[in-house]
Amino acid sequence: MEKHLKQMQTLLEAGTPFVTVTLVEAKGSTPRAQGGRMLVTGEGLNSGTVGGGLVEAKALDFALDFLAESKLNEQTKFVQWNLNRDAGMSCGGSVKLFFERFHTNIWEIVIYGAGHVAQALIPLLLTLESQLTCLDTRQEWLDKLPDSPKLKKLCVKSLPETVESTAETAFVLIMTQGHRSDFYIAQRFLARNTQPFLGVIGSRSKAATLQRELKKEGLKKALTERLVCPLGFSLGGNNPQEIAVSISAQLLYERDKLYDKIHPRNPLPEKS
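The structure displayed is predicted, hence computed values, not measured ones.

Definitions and cut-offs
- Residues numbered from 1 in each chain as written.
- Predicted model: local features only at pLDDT ≥ 70, side-chain atom pairs only at ≥ 80, totals over all residues.
- Heavy atoms only, no water.
- Helix = DSSP H or I, 4+ residues; strand = E, 2+ residues; numbered from the N terminus.
- Expected span 1.5 Å × (residues − 1).
- Buried < 20%, exposed > 50% of the residue type's maximum accessible area, 1.4 Å probe, protein only.
- Arc of directions from axis to C-beta.
- Lys, Arg positive; Asp, Glu negative; His and termini not counted.
- Salt bridge = Lys/Arg side-chain N within 4 Å of Asp/Glu carboxyl O.
- Polar contact = N/O pair within 3.5 Å; in protein donor to acceptor, adjacent residues only side chain to side chain.
- Pairing = 2+ DSSP bridges.
- Axes fitted to C-alpha atoms, helices over the stretch in contact; angles between N-to-C directions.
- Contact = heavy atoms within 4.5 Å.
- Parallel < 35°, antiparallel > 145°, perpendicular 65-115°, else oblique.
- Left-handed = near helix turned anticlockwise from the far one by under 90°.
- Nonpolar A, V, L, I, M, F, W, Y, C, P; charged D, E, K, R; others polar.
- Disulfide = S-S within 2.5 Å.

Colleague: So what exactly am I meant to see when it comes to helix 1 (residues 2-14) here?
Modeller: Side chains three or four residues apart in an α-helix point the same way, a direct result of the helix having 3.6 residues per turn. If you check helix 1, its first and last C-alpha atoms are 19 Å apart, about what 13 residues at 1.5 Å a residue would give, namely 18 Å. When we look at burial in helix 1, the residues that qualify are His4, Met8 and Leu11. Taken around the axis of helix 1, the buried residues stretch over an arc of 65°, which confines them to a single face. Exposed positions of helix 1 whose direction lies more than 90 degrees from the buried face are Glu2, Lys3, Lys6, Thr10, Glu13 and Ala14. Of the residues trailing helix 1, Gly15 is marked for its positive phi of about 75°.

Colleague: Please explain the side chain of Arg101 as it appears in this structure.
Modeller: In this structure, Arg101 sits in strand 5 (residues 94-102). Comment: no salt bridge for buried Arg101; closest opposite-charge side chain is Glu69, at 4.8 Å. In terms of polar contacts, Arg101 uses its side chain to reach the backbone carbonyl oxygen of Glu69, at 3.0 Å.

Colleague: Whenever I open this one, the sheet that holds strand 5 confuses me. Can you help?
Modeller: Two strands in a sheet stick together by hydrogen bonds in their backbones, pointing the same way (parallel) or opposite ways (antiparallel). Strands sit in the order 3-2-1-5-4 across an open sheet of five strands; the sheet is antiparallel. Two strands close off the open sheet at either side, each with one partner strand: strand 3 (44-49) and strand 4 (76-82). In this sheet, adjacent strand axes meet at a mean angle of 20° when their direction is disregarded. Packing of helix 1 onto the sheet brings it into contact with strand 1 (18-27), strand 2 (37-41), strand 3 and strand 5, and relative to strand 2 it is tilted by some 20°.

Colleague: Looking at this model, I keep getting lost on the packing of helix 5 (residues 179-192) against helix 6 (residues 204-216). Mind explaining?
Modeller: Axis angle and axis distance: for two packed helices, these are the angle between their axes and the distance between the axes, and together they describe the pair. Look at helix 5 against helix 6: their axes get within 11 Å of each other, and the N-to-C directions meet at 55°. One way to sum up the angle between helix 5 and helix 6 is to call them oblique. The chirality of how helix 5 crosses helix 6 is right-handed. Contact residues: His179, Arg180, Asp182, Phe183, Gln187 and Leu190 in helix 5; Lys206, Thr209, Leu210, Glu213 and Leu214 in helix 6. Residue composition of the contact of helix 5 with helix 6, grouped by class: four nonpolar, three polar and four charged.

Colleague: Sorry if this is basic, but what is going on with the state of the cysteines here?
Modeller: Disulfides are covalent bonds that connect the sulfur atoms of two cysteines. Summed over all chains, the structure comprises zero disulfides. With no disulfide of its own, Cys134 lies closest to Cys155 among cysteine sulfurs, the gap being 10 Å. Judged by relative accessible area, which is 0%, Cys134 ranks as buried. For the unlinked cysteine Cys229, the closest cysteine sulfur is that of Cys134, found at 18 Å.

Shown next, in the form of structure tokens:
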């Protein structure tokens, strides 16, 4: 068990996608008693065993298929197999297996600007299962951010020129030093039209100005309306810490809506 946990920790720290498989129950004639464990990465069996033979081969295939699934809201699976019927084995027993995956479908968030709101927001987002990238032209502001394997800090000469290298699946937040730099970055992202979420920090008046300027640049209304501005839910005050909470809540809401994740909790009120 200790070796299994150490190997899990190694994979977690490396950010390697993997699935744990645990034999939670074995009845009748089975290759191994309950408690067997194995780790599966995209390359196949990493370590451990749940009994070997056909049952392990079936569990390995099942784990690899689970690893490749894109459903964000399904991180565990529980199966029961009759070894004769489901695995083609001559023995008449049955097994129950628990599958849990880690580091799959990583939620990527890219933040343009390392200013006061980003300084409050990024430590909060680092507590979630996400991978962050923060870009700025000011190294001194990036240096103020916490060090974490989940955070990339990139000092660049031109922020708009990095748009094309941003993953199409990333949520993008724009909160640079000023309106003009925000505009040029937003313009490029809207022209690319790939991000599942694109937000700009600011006021309602800034949002109206952005819409007018983007329209002058020839961008269609259907595109510009994808831009979320002001960024964050309408709650809390105007200090960076409370703005960070409102943005985090909005990001979680948009992520779960994107992946059809439904909570048993009460729904959020409609934004005004």
